[in-house]
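Coordinate analysis (summary)
Single-letter residue listing:
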Amino acid sequence: MMTEQAYKEMVERMRPRLMQMGREFFGSDTEAEEVVQETCIRAWNVRNKATLTDAYLMRIARNCCVSMWRGQRVEVELADDSHAAITEVTPQEEVEERENSEWLRGRLRRLPKAEREVWQLFYDEGLTVEEIAEARGISVASVRNTISSVRNTLRTALRRRFFDMRHLIVFALLALVSGIAVAAIIHPNGMVRGAIEHVLGIPKDTTVYRVVEVMPSYPGDMEAFYKFLAQQMHYPKEALENGIEGRVVVSFVVEEDGRLTHFEAVSSPSPLLSNEAIRVLRQMPRWNPAKRMGRNVRCQYNIPVMFRLK
């Protein structure tokens, strides 16, 4: 069983590699950060069921990338003592996952051997692009180009598989027949939906979710967020004098209306840094709220704040 401290140390050490995998997969720091957060949450949830290793954490990250790519919920593979895969899914989902895995393996087999091996080293073995370049005796740029090329090939194939002309025709007909009625019922703030729920006595959803279809987001890109931090942050004098630095991870709840509440320092090298990080984050504007089944919901979110001595 992994202790909380060991888990924190592992996440801190592996964060750069997880971010790199997210960047290589999506080409975006915002989605890479999402991959890291999702991986950390899933790893924390299974820490008592499986032995967390670097390779296992990378495998969780890879699964997160693939699931985010396909727009499906993330499935986490656990490992028992014999390292056999255990997937917490329904029988129907197992069949679908097996079919998808077989399809993906078939697509990979069609690739040139060199491209297939680079892809497998990156996504299956969890090696960095630098490690792959050194192992295969090629440039880092060549590794990045290969990964990007394979990713685009598979993305195009996925689109063709899941969105062929038949699906488009059926979708268009369904949207034409029921679009207006469905929109009136499922709209998060729709009067029809609210009236139905009131009549049926359905209580308001006050659950604080961790993972939903649409995660909450800062009202702007990550560059704007870090610019905000830089403008508002004041390095605590006592921490500065004592040479205290490091990463503070702050957890908070994004309410249905975008307000931020329930701030808490999940990990921090010092209360001095925790207090400053929370002070600054409390000043953030309202966020874009999370959405679940088309409705605004409460969602917990973690933000890392770095304090570095110059």
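As shown above, the structure is provided for reference.
Report follows, based on the coordinates. (Residues numbered from 1 in each chain as written. Predicted model: local features only at pLDDT ≥ 70, side-chain atom pairs only at ≥ 80, totals over all residues. Heavy atoms only, no water.)

1. Here we look at the overall build of the protein
Selection rule: Put simply, DSSP H or I for four residues or longer makes a helix, DSSP E for two residues or longer makes a strand, and each gets a number counted from the N terminus. Here's how the labels work: a residue is buried when its accessible area is under 20% of the maximum for its type, exposed when over 50%, partly exposed in between, all with a 1.4 Å probe on protein chains only. The contact rule is simple, with two residues in contact once any of their heavy atoms fall within 4.5 Å. Where accessible areas are quoted, they stem from the Shrake-Rupley method and a 1.4 Å probe; at the residue level, only the protein chains shown are allowed to cover.
When you go through the protein residue by residue, the secondary structure sums to twelve helices and seven strands. The buried share among the 310 residues of the protein stands at 38%. The long-range fraction of contacts in the protein, counting pairs at least 24 apart against all pairs at least 6 apart in sequence, stands at 68%. Here the protein displays about 18,400 Å² of accessible surface, and carbon together with sulfur accounts for 54% of that area.

2. Structural notes on the side chain of Arg-15
Within the secondary structure, Arg-15 is located in helix 1 (residues 4-26). Arg-15 has contacts with Glu-33, Val-36, Arg-247 and Pro-304, leaving out every residue within four places of it along the chain.

3. Some words on the pairing of strand 4 (residues 246-254)
Defined as follows: Criterion used throughout: strands pair if DSSP finds at least two bridges between them.
By the criterion of burial, strand 4 is predominantly enclosed, with nine of the nine residues buried. Two elements, strand 4 and strand 7 (residues 295-307), share nine bridges in a ladder whose sense is antiparallel. Opposite Val-250, over in strand 7, you have Ile-303 as the bridge partner. As defined by bridge partners, strand 4 adjoins strand 5 (residues 260-267) across five bridges and the pair is classed as antiparallel. Residue Val-250 lies in a different strand from strand 5, and its bridge partner there is Ala-265. Connecting strand 4 to the next strand, strand 5, in antiparallel fashion are five residues, including Gly-258 with a positive phi near 90°.

4. Brief notes about the pattern of salt bridges
Basically, it comes down to this: Salt bridge, as used here: a side-chain nitrogen of Lys or Arg that lies within 4 Å of a carboxyl oxygen of Asp or Glu.
One pass over the structure, following the stated rule, counts 14 salt bridges. Note that Lys-113 is salt-bridged to Glu-117, the shortest N-O span being 3.9 Å. Of the two residues, Lys-113 and Glu-117 are both situated in helix 5 (residues 113-123); the distance of four residues between them amounts to about one turn of the helix. In this structure, Arg-259 engages Asp-257 in a salt bridge whose closest nitrogen and oxygen atoms are separated by 2.8 Å. Assessed through its relative accessible area of 37%, Asp-257 is described here as partly exposed. Connected through shared salt-bridge partners, Lys-113, Glu-117 and Arg-136 make up one network.

5. Digging into the packing of aromatic side chains
Put simply, the rule reads: Between 30 and 60 degrees the pair is tilted, below 30 it is stacked and above 60 it is edge-to-face, where a pair is any two Phe, Tyr or Trp rings, Trp via its six-membered ring, whose centres lie within 6.5 Å.
A complete count under the given rule lists ten aromatic pairs for this structure. Taking 5.6 Å as the distance between ring centres and 90° as the angle between the ring planes, the aromatic pair formed by Tyr-235 and Phe-307 counts as edge-to-face. In this pair, Tyr-235 sits in the loop between helix 10 (222-232) and helix 11 (237-241) while Phe-307 sits in strand 7, placing the two residues 72 residues apart along the sequence. The class of Phe-307 is buried, set by a relative accessible area of 2%. Between Phe-252 and Trp-287, the aromatic rings sit 5.4 Å apart at their centres with planes inclined by 80°, giving edge-to-face as the arrangement.

6. Examining unusual backbone geometry
At His-262, a residue that is not glycine, the phi angle is positive and equals roughly 55°. Counting through the fold element by element, His-262 comes out in strand 5. Here Met-293, not a glycine, exhibits a phi torsion of approximately 55°, which is positive. On the secondary structure map, Met-293 appears in the loop between strand 6 (290-292) and strand 7.

7. Considering helix 2 (residues 29-45)
Condition: Expected helix span is given by 1.5 Å per residue-to-residue step, counting one fewer step than there are residues.
Taking 1.5 Å as the rise per residue, helix 2 with 17 residues should run 24 Å; its terminal C-alpha atoms sit 24 Å apart, in good agreement. For helix 2, every residue scored as buried is listed here: Ala-32, Glu-33, Val-35, Val-36, Gln-37, Glu-38, Thr-39, Cys-40, Ile-41 and Ala-43.

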